[in-house]
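Inside the fold
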Amino acid sequence: MAAVEAVGGVMDFTTFTVRHHRGHRLRDVRDAVSAASRAVTGGEEWMRDKVGMLDWARVVEITHTRRSGWHCHVHALTAWSSAVTERDSAWVPIRAWRRWDRALRRHNFDSTPVRGVDIRRVVGGDEGLGAYFAKASLELTSTFTKDSRAGRSPCALLRDATETYEVRDVELWREYEAASHGRKQLTWSLGRMDLRRFAGLSREQSDEEIAAEDRRGRRPLPRRRDLDDDQPKAVTG
């Protein structure tokens, strides 16, 4: 973010959401979000909108609540090479939301225009650099570890599953694990204007490299047989 500000650029922070209910399986929601994300950053309209853009980064946030089930949405940070006005840059995520919603509907989901997209300008200056930049970057990169009013994060589900061995928490973690296998949570734009390279950041580590850095012992999740063994046994005559 500091690198973008240094060249006179500005940034927009956009959230794309999906309407959901407790009956939806996470795999189905995740498949719809993946398709919608591809629709946002694909096609001729996106190529036209990219003029003047340094490019983007996006993160998929997943939480779970007992009342509403799996909640899955996307935070996107768009970096511009100049001080484009908020009014002009806002049309890019608005058009992106239209592609997002059309793709969701092809997967039997949808996104409302009122709450389906939220657009905020990331403001510079002392207060912005110390507060809003930090808030935006934290929200973009740390959704996996946080709890919020939106529900329990995946790490919270894993924590609860390993601390209490509640069957429902273990099942939710297993569902998250299966639905997220092979999918990226944080995605950086690539190609000619790679934001990581632009900002002088190091190469992104693979999952295997990250895992190799920390192999401290973890409590394993119980097997299904272990969970069944813990259940009360029926008393027969």
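Refer to the structure presented above.
Quick look at the structure, then.

Reading guide: rules and limits
Residues numbered from 1 in each chain as written. Predicted model: local features only at pLDDT ≥ 70, side-chain atom pairs only at ≥ 80, totals over all residues. Heavy atoms only, no water. Salt bridge = Lys/Arg side-chain N within 4 Å of Asp/Glu carboxyl O. Helix = DSSP H or I, 4+ residues; strand = E, 2+ residues; numbered from the N terminus. Buried < 20%, exposed > 50% of the residue type's maximum accessible area, 1.4 Å probe, protein only. Phe/Tyr/Trp six-rings, centres within 6.5 Å; stacked < 30°, edge-to-face > 60°. Contact = heavy atoms within 4.5 Å.

This brings us to the pattern of salt bridges. The final tally for this structure, using the stated rule, is 13 salt bridges. The closest approach of N and O atoms between Asp110 and Arg19, which form a salt bridge, is 2.7 Å. Here Asp110 is found in the loop between helix H4 (86-106) and strand S4 (117-122), whereas its partner Arg19 is found in the loop between strand S1 (10-16) and helix H2 (26-40), with 91 residues between them in sequence. On the basis of relative accessibility, which here comes to 16%, the residue Asp110 falls in the buried class. The residue Asp118 makes a salt bridge to Arg120 at a minimum N-O spacing of 3.2 Å. Under the relative-accessibility criterion, Arg120 is labelled partly exposed at 23%. What emerges from the salt-bridge pattern is a single network uniting Arg152, Arg159, Asp160 and Asp169.

Our focus in this paragraph is the packing of aromatic side chains. All chains considered together, the criterion is met by two aromatic pairs. When the ring of Phe16 is compared with that of Trp100, the centres are 5.4 Å apart and the planes differ by 35°; the resulting orientation is tilted. A residue pair is termed long-range when its members are at least 10 positions apart, and Phe16 in strand S1 and Trp100 in helix H4 qualify at 84 residues. Residue Phe16 is classed as buried on the basis of its relative accessible area of 5%. Between Trp173 and Tyr176, the aromatic rings sit 5.4 Å apart at their centres with planes inclined by 35°, giving tilted as the arrangement. Of this pair, Trp173 and Tyr176 both sit in helix H7 (residues 167-180), separated by three residues, roughly a single helical turn.

Turning our attention to helix H6 (residues 154-164). At 3.6 residues per turn, the α-helix brings residues three or four places apart onto the same side. Listed as buried for H6 are Pro154, Ala156, Leu157, Asp160, Ala161 and Thr162. Contact partners of the buried residues in H6: strand S2 (53-65), strand S3 (69-80) and H7. One or two residues past the end of H6 sits Tyr165, with phi positive at roughly 60°.

Honestly, that's just the spatial picture; any functional story needs more than this.
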